[in-house]
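Residue-level structural notes
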Amino acid sequence: MSRLVLVSNRLPFALEPAGKGQWRVTHSPGGLVSALGPVLRGRGGTWIGWPGVAGEIPDAPFSKATRGVGYCVVPVALSEAERDEFYFGYSNEVIWPLFHDLQNFCNFEPAFWQTYKAVNERYAEAIARHCRPGDFIWVHDYHLMYVAQALRERGVRAVLSFFLHIPFPSYDIFAKLPQQQRLLRALLQFDLLGFQTRRDLRNFLQCVRHVMSEAEVLPSRGVQLIHLNERKVCVSSFPIGIDYESFEQGAASEDVAQRARELRTAFPRAQLILGVDRLDYSKGIPERLRAFRLALERYEELRSRAVLIQNIVPSRAEIPRYHEFKDRIDRLVGDINGRFSTATWLPVHYHFGTLDREDLLAQYRTCEIGFVTPLKDGMNLVAKEYCACCIDQNGVLILSHFAGAAEQLKRDALLVNPYDIEQVADTIWKAFRMSPAERRVRMKRMRRVVSHENVFSWVDSFLKAGSPLLRAATTAQQRRVSVAS
């Protein structure tokens, strides 16, 4: 097996100041870390990324905290200005809104692109220092789309792969990007490109056909091939999953079961509707609240018998637009509770902050309706986590057409257009009235899909797609060595 060099914007370890010149290193949990950590330890490898603090990175506390993880951890340093223009700027004020079809939120400041390129070149330099011939380099997400270009310019011949965790837009949206050709050309320097869904793959190929006249998309039933300048680039969809067993077993634990009983006792006569989202305008939270408000207006039976538990995890607090967005959500929650609440019933229970894992699992397990309605999402793992934790199979999933998860769960989820407030309101009523038998049939099938297409099968499928490229690269390297000798 080849070594794996994993590259992401953030490391699985975060560095935080602890006062008086002291530093604290915390572990960042998550599905990607739990899936790729064992692969890195088994194959031998390196994880390269930013530890989350601007300025110089102190070596001692970071080296000490990561010494026993079983793979090499390489931090990349960013200044405050680079963080602001690369992360908050180009990544999250250009690419994020544009790729989520929200171009009105874009800030096409030219300086952002220059800093984005410079930071990607910094990552490329770190990769070039730590990779060896025969390594499989796997770069993640929209922050690092220029890395392959920078590596090729530095003469790196290793197999370069990339996975995009967010959606890829259609051509009419992508065409608004001032750097559209430069970004596509940079992406096509990778040997393997992975996307969440077949729709994202189609959008990418459409953009290549329109923007890159010298590129030829070759017909194929499996992995798509793009021929460009005597190179062949492999492109396919690899829908990401979750660590299903971890969520299922966690939901079945006695601690979570106790918390679930307490939650159910607190709302003895109501069906619980659950929303769990980061604070982001792509998640469709105001639209969801407006739909719930309309459902309460239309269907009197929901009053006192339906409760929306809406959890919002803080995100990108440094961006002013996110403060304004939170204020909008706060006003909607206040309006709904002000209009409909009674002495014994509050329609929206709203929590802004991070959730304890056991509390989250208890909510997943207890709530009869999962409410996942983003305006656009690469995958949306909350939908899959909800299914994994529905161990009693009594849940109904309301899911946006525009979440990547809809491609896999469309048979049994109740699919909605989050922009259609009336349709979503009617779907809440439909979910509320669904019989226990129909709930069990639908949830059983969704749980089967989520369990089979989990995060580990995602990693395996991506690495399997890269294996022929590694064999070809190894053969080419042996030939070069033979000729040189």
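Residues numbered from 1 in each chain as written. Predicted model: local features only at pLDDT ≥ 70, side-chain atom pairs only at ≥ 80, totals over all residues. Heavy atoms only, no water.

**Digging into the packing of helix 3 (residues 80–99) against helix 4 (residues 110–130)**
Interaxial distance between helix 3 and helix 4 falls to 8 Å at its minimum, and their mutual angle equals 110 degrees. Here helix 4 runs roughly perpendicular to helix 3, going by the angle between their axes. Judged by the twist between their axes, the crossing of helix 3 over helix 4 is left-handed. Where helix 3 approaches helix 4, its residues Glu82, Glu85, Phe86, Gly89, Tyr90, Ser91, Glu93 and Val94 are matched on the opposing element by Ala111, Phe112, Trp113, Thr115, Tyr116, Val119, Asn120 and Arg122. (Axes fitted to C-alpha atoms, helices over the stretch in contact; angles between N-to-C directions. Helix = DSSP H or I, 4+ residues; strand = E, 2+ residues; numbered from the N terminus. Parallel < 35°, antiparallel > 145°, perpendicular 65-115°, else oblique. Left-handed = near helix turned anticlockwise from the far one by under 90°. Contact = heavy atoms within 4.5 Å.)

**A closer look at the sheet that holds strand 5 (residues 72–75)**
Taken in spatial order, the nine strands of this open sheet run 5-4-1-6-7-8-11-10-9, and their pairing is mixed. Bordering the open sheet on either side are strand 5 and strand 9 (216–218), each of which pairs with just one other strand. The sheet shows a mean angle of 20 degrees between the axes of neighbouring strands, taken without regard to direction. Here strand 4 (residues 45–50) pairs with strand 5 via four bridges, running parallel. Bridge pairing in strand 5 links Gly49 to Pro75. (Pairing = 2+ DSSP bridges.)

**Concerning the nonpolar core**
Grouped together as the largest cluster of nonpolar side chains are 179 residues, with contacts concentrated most on Trp138 and Phe204. Residue contributions to this core peak at nine residues, all from helix 3. (Core = buried A, V, L, I, M, F, W, Y, C linked by side-chain atoms within 4.5 Å. Buried < 20%, exposed > 50% of the residue type's maximum accessible area, 1.4 Å probe, protein only.)

**Quick look at helix 10 (residues 254–266)**
Residues that lie three or four places apart on an α-helix share one face, since the helix turns once every 3.6 residues. The end-to-end C-alpha distance of helix 10, which contains 13 residues, comes to 18 Å, matching closely the 18 Å that a straight helix rising 1.5 Å per residue would cover. Where helix 10 is concerned, the buried positions are Val256, Ala257, Ala260 and Leu263. Down the axis of helix 10, the buried side of the element spans an arc of 120 degrees, and every buried residue falls inside it. Looking at helix 10, the residues exposed on the side facing more than 90 degrees away from the buried face are Glu254 and Thr265. As for helix 10, its buried residues are in contact with helix 9 (244–252), strand 12 (271–278), strand 13 (306–313) and helix 13 (357–366). (Expected span 1.5 Å × (residues − 1). Arc of directions from axis to C-beta.)

**So, unusual backbone geometry**
If you check the backbone angles, Ser304 has positive phi at about 75 degrees while not being a glycine. You can see Ser304 is positioned in the loop between helix 11 (285–298) and strand 13. Unusually for a residue other than glycine, Gln393 sits at a positive phi of about 55 degrees. Relative to the elements of secondary structure, Gln393 occurs in the loop between helix 14 (381–389) and strand 16 (396–400).

**A short note on the pattern of salt bridges**
The full count for this structure, using the stated rule, is 28 salt bridges. Arg185 serves as the salt-bridge partner of Glu214, at 2.7 Å between the closest nitrogen and oxygen. Of this pair, Glu214 sits in the loop between helix 8 (198–211) and strand 9 while Arg185 sits in helix 7 (residues 180–187); the two residues are 29 residues apart in sequence, bridging distant segments of the chain. Residue Glu368 pairs with Arg264 through a salt bridge whose shortest N-O separation is 2.6 Å. Note that Glu368 is positioned in the loop between helix 13 and strand 15 (369–372) and Arg264 in helix 10, a separation of 104 residues in sequence. One connected set of salt bridges, linked through shared partners, spans Asp255, Arg259, Asp356 and Asp359. (Salt bridge = Lys/Arg side-chain N within 4 Å of Asp/Glu carboxyl O.)

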